[in-house]
Amino acid sequence: MANKKIINSNSIKFLQKYLNNASPTGYEWEGQKIWMEYLKPYVDTFITDTYGTAVGVINPEAEYKVVIEGHSDEISWYVNYITDNGLIYVIRNGGSDHQIAPSKVVNIHTKNGIVKGVFGWPAIHTRDNKDENSPKLDNIFIDIGAKDKEEVEKMGVHVGCVITYPDEFFILNEDKFVCRAIDNRAGGFMIAEVARLLHENKQKLPFGLYITNSVQEEIGLRGAEMITQTIKPNVAIVTDVCHDTTTPMIEKKKQGHTEIGKGPVISYAPAVQNKLRELIIETAEEKNIPFQRMAASRFTGTDTDAFAYSNGGVASALISLPLRYMHTTVETVHRDDVENVIKLIYESLLKIKPNETFSYFD
Ligand SMILES: [Zn+2]
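The name an unreviewed UniProt entry gives the protein chain is Peptidase family protein, with Galbibacter orientalis DSM 19592 as the organism.

Structure below.
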């Protein structure tokens, strides 16, 4: 598979459908169904859990278990308070960005389907230009065109409804994928593509492979915390997104230097098992897969932490996809990086030996 392109038109079709479907934290199951439907021909069986995490399993009877993982949820808002004149104040469900809210169109999810709304904002003419308000959680509000609270309720909108952005997938200048929720629908996409490649290349793995799409990452790695207890894996290779730090107003001395188009980003962090990470780096070097490095003090802030610190310690590593404008509606990644993360996970899996302990003391 040296220089053959991995992502084909059918993969793109799946990615588009998977991205365009809303999958807010706590409400991931429709997205999980789309993902499982795509994955089905490439796995032996599925595990799902009470909160909606889905796992495609290859060789379910094998004792040694390897997880490849992404998370299925996307950031959203909750309806928190409805004013007497029918405007809606919100709280976050994940790290939703107050700065990008004004003038965005929103979808409010109700029992009877989507209710449209808009984040309003005072006109430039009416603002004090010496002392302008910037958008904050306590001053952004949604207008659904209702005259009062009663009408809001009649439209099916109540406290606790979740709110997502409708922005859909498109390709920018041929090789950039743009959408909301590429964090981390791209992860689910890439691990599914790994399963497809294993199947198409007739690779028989000498261990059980658990292709895991965890829920509730955005509010604190909760889905991964649950499913790692169920699977009890020996190894976990997690994939998530990280920042492209080359766009304006990002301090490289603080955030490091990683950018789109330069390859997968391999993490150094206490939760990352060094021998597993070296296996991944050796794989990249052998297979001429470009990669970048990133360091995290204390936590990676990804599901890597949840897997690593579970079950008495699980050898874990993190391969990230560099992304611009995280948690906005125009998250942007480079197609080549998506390809190379898939390749790097695939080739690393082929190097893992069953019963490998990754012990520092052998
Ligand atoms: Zn995120």
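On we go from here.
### Section: the overall build of the protein chain
Within the protein chain, the regular secondary structure consists of 9 helices and 17 strands. Against the 2.2 N^0.38 benchmark of 21 Å for 362 residues, the protein chain shows a C-alpha radius of gyration of 21 Å, consistent with a compact globule. Dimensions of the protein chain, computed from the C-alpha atoms along their principal axes, are close to 70 × 40 × 40 Å. When burial is assessed residue by residue, the protein chain has 46% of its 362 residues classed as buried.

### As for the UniProt feature "binding site: Zn(2+) 2" (unreviewed entry) in the protein chain
Feature annotation in UniProt assigns "binding site: Zn(2+) 2" (unreviewed entry) to the following positions: D183, E218 and H327. Taken together, the annotated residues stretch across 145 residues yet fold into one region, lying no more than 10.3 Å apart by C-alpha. Along the chain, D183 falls in helix 4 (residues 182–200). In this structure D183 touches V241, L323, M326, H327 and E331, once residues within four positions along its chain are discounted. By the element assignment, E218 lies in the loop between strand 12 (208–214) and helix 5 (222–231). Of the residues examined, E218 has 25 C-beta atoms within 10 Å and is grouped as buried.

### A word on the packing of helix 1 (residues 9–20) against helix 4
Between helix 1 and helix 4, whose axes approach to 10 Å, the crossing angle comes to 145 degrees. Where helix 1 crosses over helix 4, the two elements pack in a sense that is right-handed. Contact residues: S11, L15, Y18 and L19 in helix 1; I182, R185, G188, F189 and E193 in helix 4.

### Examining the domain arrangement of the protein chain
As far as domains go, the protein chain holds domain 1 (9–74 + 180–351) and domain 2 (76–164). Taken over C-alpha atoms, the centre of domain 1 sits 32 Å from the centre of domain 2. Taken together, the contact between domain 1 and domain 2 spans 11 residues of the former and 11 residues of the latter. Among the residues making up the side of domain 1 that touches domain 2, the classes are represented as 4 nonpolar, 5 polar and 2 charged.

### Quick word on the sheet that holds strand 17 (residues 331–334)
Taking strand neighbours across the sheet as the criterion, the 3 strands line up as 10-11-17 in an open arrangement whose pairing is antiparallel. Each edge of the open sheet carries a strand with a single partner, namely strand 10 (170–172) and strand 17. Taking each pair of neighbouring strands and ignoring which way they run, the sheet shows an average axis angle of 30 degrees. Strand direction decides the pairing type here: strand 11 (residues 176–179) and strand 17, joined by 4 bridges, are antiparallel. What sits directly across from C179, in strand 17, is E331. Packing of helix 4 onto the sheet brings it into contact with strand 11 and strand 17, and relative to strand 17 it is tilted by some 35 degrees.

### Here's the deal with unusual backbone geometry
Of note, the amide linkage connecting D183 to N184 takes the cis form, showing an omega dihedral of 5 degrees. Inspection of the secondary structure assignment puts N184 in helix 4. The backbone of N173 sits at a positive phi, close to 45 degrees, despite the residue not being glycine. By the secondary structure assignment, N173 is in the loop between strand 10 and strand 11.

### Some thoughts on the sheet that holds strand 4 (residues 76–82)
Spatial strand order, 4-5-8-7-6-9: 6 strands in a closed barrel with antiparallel pairing. Here the strands of the sheet are splayed against their neighbours by 45 degrees on average, with no regard to which way each runs. When strand 7 (residues 113–119) meets strand 8 (residues 141–143), the two strands line up antiparallel, connected through 2 bridges. Paired with V118 across the strands is D143, a residue of strand 8.

### Points about the pairing of strand 11
A regular strand places its side chains on the two faces of the sheet in alternate fashion. In the sheet, strand 10 pairs with strand 11 via 3 bridges, with the strands oriented antiparallel. Pairing of I171 across the sheet is with F177, part of strand 11. What sits between the antiparallel neighbours strand 10 and strand 11 is a turn of 3 residues, in which N173 has the positive phi angle 45 degrees.

### Some remarks on helix 5
An α-helical turn contains 3.6 residues, so a residue and the one three or four places further along point in the same direction. Of all the residues in helix 5, the buried ones are R222, G223, A224, I227, T228 and I231. Those residues of helix 5 that are buried lie in contact with strand 2 (54–58), strand 3 (65–71), strand 12 and helix 8 (303–308). Residue K232 follows helix 5 closely and has a positive phi angle near 50 degrees.

### Considerations on the environment of A54
Of note, A54 is situated in strand 2. For the pair formed by A54 and H71, sequence separation is 17 residues and the distance between their alpha carbons is 9.8 Å. Apart from the residues lying within four places of it in its own chain, the contact partners of A54 are Q32, W35, M36, F46, T48 and N213.

Reading the values: the criteria
- Residue numbers restart at each chain and count upward from 1, following the sequence in its written direction.
- Reporting in this predicted model follows two pLDDT cut-offs: at least 70 for local features of residues, and 80 or more for side-chain atom pairs to be given and counted; totals over whole chains, interfaces and linings ignore these cut-offs and use all residues.
- Secondary structure elements follow DSSP: runs of H or I of four or more residues count as helices, runs of E of two or more count as strands, with numbering from the N terminus.
- Atoms considered for the radius of gyration are the C-alpha atoms alone. The globule rule reads 2.2 Å times the number of residues to the power 0.38.
- Exposure is read from a count of other C-beta atoms within 10 Å of each residue's own; the residue is exposed at 12 or fewer, buried at 20 or more and partly exposed in between. C-beta atoms are placed from the backbone.
- UniProt positions are given in the numbering used here, feature names are shortened, and annotations may be inferred rather than shown by experiment.
- What counts as a contact is two residues whose backbone-derived C-beta atoms lie within 7 Å of each other.
- Geometry is summarised by axes, namely lines fitted to C-alpha atoms with helices restricted to the contacting stretch, and by angles between N-to-C directions that run from 0 to 180 degrees.
- Here a crossing is taken to be left-handed if its near helix is turned anticlockwise relative to the far helix by less than a right angle, and right-handed if that turn runs clockwise.
- Residue ranges assigned to each domain were obtained from an automatic or database domain assignment.
- For this classification, Asp, Glu, Lys and Arg are treated as charged, while Ala, Val, Leu, Ile, Met, Phe, Trp, Tyr, Cys and Pro are nonpolar and the rest, including Gly, are polar.
- Strands were regarded as paired on the criterion that DSSP finds at least two bridges between them.

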